[in-house]
Amino acid sequence: MKARIIREPRCALLWRIDESYPNYAAIARAARQYDVKLRPVADGDLGGIVGELCAGRPAPAFAPLIAVPDRPAIIISGLRHDTGELGGFVDMIRAGGASIPVRSMVTPTSKGWTLAQLLLELNTEHETVQGDKA
């Protein structure tokens, strides 16, 4: 029996980031360079499973009644950190002048979470690390 290698989709979920975001062109340029599909997500996607959203599938028709912070975030799937892809992608965004307060890579655990769960967790971590600067 042959082993199958499952490759995660190259995707970046963009929370509160769209074409009007400061220096969005840097994000779009990095996405083209690294063949990453940009997918803006909004309140209606909060009930969606992160791995499913990254794969291009729609969120369920209902959204959870939960408030999540509006802090812009990028959630990246499919780029490898051990080859430098992930670092290169993020560095290219920074070099272009785009500042994204919350950044994350999809993990085997978080890909099964809802977008709302992940955003709440990421923002809690951000506030813990930043303290009064958050």
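(A) Quick look at the packing of aromatic side chains. Scanning all chains against the criterion turns up one aromatic pair. With a centroid separation of 6.0 Å and an interplanar angle of 90°, the aromatic rings of Tyr 34 and Phe 89 are classed as edge-to-face. Of the two residues, Tyr 34 sits in the loop between α1 (24-33) and β2 (37-41) while Phe 89 sits in helix α3 (residues 85-95), which places them 55 residues apart along the sequence. Overall, Phe 89 belongs to the buried group, its relative accessible area being 0%. Against the face of Trp 15 rests Arg 16, its NZ or CZ located 4.0 Å from the ring centre.

(B) View of the packing of α1 against α3. It is the contact of α1 with α3, at a shortest axis distance of 8 Å, that shows an interaxial angle of 150°. One finds that α1 runs roughly antiparallel with respect to α3. The handedness of the crossing between α1 and α3 comes out as right-handed. Listed contacts from α3 to Ala 26, Ile 27, Arg 29, Ala 30, Ala 31 and Gln 33 of α1 are Phe 89, Met 92 and Ile 93. For the contact of α1 with α3, a count of residues per class yields seven nonpolar, one polar and one charged.

(C) Focus on the nonpolar core. If you look at the biggest cluster of nonpolar residues, it comprises 21 residues, and the most contacted ones within it are Tyr 24, Ile 27, Ile 74, Phe 89 and Ile 93. Those elements giving two or more residues to this core turn out to be β1 (11-15), α1, β3 (73-77) and α3. Counting 19 residues, the second-largest nonpolar core is a separate cluster that includes Trp 15, Ala 59, Ala 116 and Leu 122.

(D) Focus on the pattern of salt bridges. Applying the stated criterion across every chain, the model contains eight salt bridges. Close ionic contact of Arg 16 with Asp 43 constitutes a salt bridge, the shortest N to O distance being 2.8 Å. Remark: Asp 43 occurs in the loop between β2 and α2 (50-54) and Arg 16 occurs in the loop between β1 and α1; sequence separation between them is 27 residues. Note on Arg 16: relative accessible area 31%, which makes it partly exposed. For Asp 43, a relative accessible area of 41% gives the class partly exposed. Between Glu 52 and Arg 57 there is a salt bridge whose closest N-O contact spans 3.4 Å. Accessibility expressed as a relative area gives 35% for Glu 52, which makes it partly exposed. We classify Arg 57 as partly exposed; its relative accessible area is 43%.

Cut-offs applied
- Residues numbered from 1 in each chain as written.
- Predicted model: local features only at pLDDT ≥ 70, side-chain atom pairs only at ≥ 80, totals over all residues.
- Heavy atoms only, no water.
- Phe/Tyr/Trp six-rings, centres within 6.5 Å; stacked < 30°, edge-to-face > 60°.
- Helix = DSSP H or I, 4+ residues; strand = E, 2+ residues; numbered from the N terminus.
- Buried < 20%, exposed > 50% of the residue type's maximum accessible area, 1.4 Å probe, protein only.
- Lys NZ or Arg CZ within 6 Å of the ring centre and 35° of its normal.
- Axes fitted to C-alpha atoms, helices over the stretch in contact; angles between N-to-C directions.
- Parallel < 35°, antiparallel > 145°, perpendicular 65-115°, else oblique.
- Left-handed = near helix turned anticlockwise from the far one by under 90°.
- Contact = heavy atoms within 4.5 Å.
- Nonpolar A, V, L, I, M, F, W, Y, C, P; charged D, E, K, R; others polar.
- Core = buried A, V, L, I, M, F, W, Y, C linked by side-chain atoms within 4.5 Å.
- Salt bridge = Lys/Arg side-chain N within 4 Å of Asp/Glu carboxyl O.

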